Amino acid sequence: MTDCQGDGEAAKSLMELYEKLTAQGDKIRALKTAAAEKAEIDAAVQLLLKLKMDYKEMTGQDYKAGCPPSENSVVPNNGPAADGDDDDDGDTVDPWNVSSTNAKGVDYDKLIVKFGSSKIDKDLVDRIEKVLGQKPHRFLRRGIFFSHRDMHQVLDAYEKHQSFYLYTGRGPSSEAMHVGHLIPFIFTKWLQDVFDIPLVIQMTDDEKYLWKDLTLEECHHYAVENAKDIIACGFDVNKTFIFSDLDYMGSSPEFYRNVVKIQKHVTFNQVKGIFGFTDSDCIGKISFPAIQAAPSFSNSFPQIFGERKDIQCLIPCAIDQDPYFRMTRDVAPRIGYPKPALLHSTFFPALQGAQTKMSASDANSSIFLTDTPKQIKNKVNKHAFSGGKDTVEEHRKSGGNTDVDVSFMYLTFFLEDDEELEKIKQDYTSGALLTGELKKILIETLQPMIAQHQERRKQVTDEMVKQFMTPRPLNFKA
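Analysis parameters
Residues numbered from 1 in each chain as written. Predicted model: local features only at pLDDT ≥ 70, side-chain atom pairs only at ≥ 80, totals over all residues. Heavy atoms only, no water. Helix = DSSP H or I, 4+ residues; strand = E, 2+ residues; numbered from the N terminus. Buried < 20%, exposed > 50% of the residue type's maximum accessible area, 1.4 Å probe, protein only. Axes fitted to C-alpha atoms, helices over the stretch in contact; angles between N-to-C directions. Parallel < 35°, antiparallel > 145°, perpendicular 65-115°, else oblique. Left-handed = near helix turned anticlockwise from the far one by under 90°. Contact = heavy atoms within 4.5 Å. Phe/Tyr/Trp six-rings, centres within 6.5 Å; stacked < 30°, edge-to-face > 60°. Lys NZ or Arg CZ within 6 Å of the ring centre and 35° of its normal.

Looking now at unusual backbone geometry. Most peptide bonds take the trans configuration, and most residues that are not glycine carry a negative phi. In this structure, Asp150 takes a positive phi of about 65° despite not being glycine. Mapped onto the elements, Asp150 comes out in the loop between β4 (145-149) and α6 (151-159). The exposure class of Asp150 is partly exposed, given its relative accessible area of 24%. Even without being a glycine, Asp196 presents a positive backbone phi close to 55°. Tracing the sequence through the fold places Asp196 in the loop between α7 (179-195) and β6 (199-203).

Now the structure itself:
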């Protein structure tokens, strides 16, 4: 066989692989739409991940739906890669899927490089402490919020007494939220308090209608129910506007005008490349990213900021939402607006391990905000992945691994005392603390926290929700 024939065969194989990937993606969407068994969906996802790895090995590039490979895409086989040359770490991170083949979870240092963001290092945490004159939130101290875009710029402006505002959101797909959903809101509440600034919270009920097998009425109902959990986090009604896209888009010409401006400056090819949309996706999905981008610009909220379009926005969110805001930051200068700044959090791991984030669709992967103390205890004891050894004797001798132990991971999120957390880590890794004892500490941490949240939620009336969700002026110092 000649070299030309070899190249032709390789190109043909690559195209066949691309078609398999496209078909597998369609199959997964069909399974989810049909509400297939989780095991069947998981098996289909694993096959998709394997095909993606094969594609990257052949081309040196990530598979992108809707972007067929060219004839010159095949990477010549120059023998096995040297150690460290292969950057495919088995991590999948996008706005809808998070998974890792590593028991420790996603490699966040590699993700920073891949996404082109900046690490929240000790210098930035120290600067935040100096600017605020108080101890930074535990999420910053412990690297739970680990990445940023332009946070130094935000601090520069704050030191010059220039205002900014906060924007975060929630995609409401069920009535019950789990503890992982609270992470951005706990941190955003702290930011609102320490910087004394207004906050807008977008409930993307339109997104859930486009992606899920739900009615518009169900999506809007979930938005209102989730708003009650968010309000229960303690946000100041005088500084916070919560809005449903299904309501606000129709009542705010300024918001919709910004959506249209963004839509004009993003091509179909760009959203396919960023989000992996295919020709079989509905046009609502393709246009939705502009709706999530619009709250990044202050004149989308004339009732709060008037006609001002120069007020910078700071967005605390999990890093899987970053693709939306990379697109937003690219568009912003072209339509005359400042780029939003971002603070990215890590993912809250499922009880079964850090390979995936906690899911609202799997009751046993999640601690829900509606769970009873007994349910919390049973879920932690039965399902929380352990970093301990198989026997007590072995554990006493060799100790446990806090890098993969879910109970310890959860404590890093919710246990306030740094010294106590460090002592637990030392005791567990030395073998002095057993897995059952570690789980008991977590249970005793989660039970009162969730009970207090449930009590606060009971106090949230429909009238309070209406007040938070009514477009109105907020306490804003220009």
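The structure having been displayed, the exposition proceeds.
Running from N to C, helix α4 (residues 122-132) and α6 point in directions that differ by 15°, and their axes come no closer than 11 Å. In terms of orientation, α4 lies roughly parallel with respect to α6. Between α4 and α6 lies a crossing whose hand is left-handed. Listed contacts from α6 to Leu124, Arg127, Ile128 and Val131 of α4 are Met151, His152, Leu155, Asp156, Tyr158 and Glu159.

Turning to the environment of Ala157, a few remarks are in order. Tracing the chain through its elements places Ala157 in helix α6. Exposure remark for Ala157: the relative accessible area of 13% places this residue in the buried category. Sequence separation of Ala157 and Gln312 is 155 residues, and the distance between their C-alpha atoms is 9.1 Å.

Another point: the packing of aromatic side chains. Under the defined criterion, the tally for this structure stands at 33 aromatic pairs. With 6.1 Å between their ring centres and 40° between their planes, Tyr108 and Phe347 make a pair best called tilted. With Tyr108 in helix α3 (residues 108-115) and Phe347 in the loop between β9 (341-345) and β10 (349-350), this pair connects stretches of sequence that are 239 residues apart. As far as the burial class goes, Tyr108 and Phe347 line up, both buried. For the pair Phe305 and Phe476, a centre-to-centre distance of 4.9 Å together with 85° between the ring planes defines the contact as edge-to-face. Of this pair, Phe305 sits in helix α14 (residues 302-305) while Phe476 is found in the segment after α21 (462-468), placing the two residues 171 residues apart along the sequence. Comparing Phe305 with Phe476 shows no difference in burial state: the two are buried. Through a chain of ring-to-ring contacts, three or more aromatic side chains come together here, namely Phe139, Phe145, Phe187, Trp190, Phe348, Tyr410, Phe413 and Phe414. The aromatic ring of Phe115 is capped on one face by Arg326, whose charged end is 4.4 Å from the ring centroid.

Remember, this is a structural readout, not a statement about activity or role.
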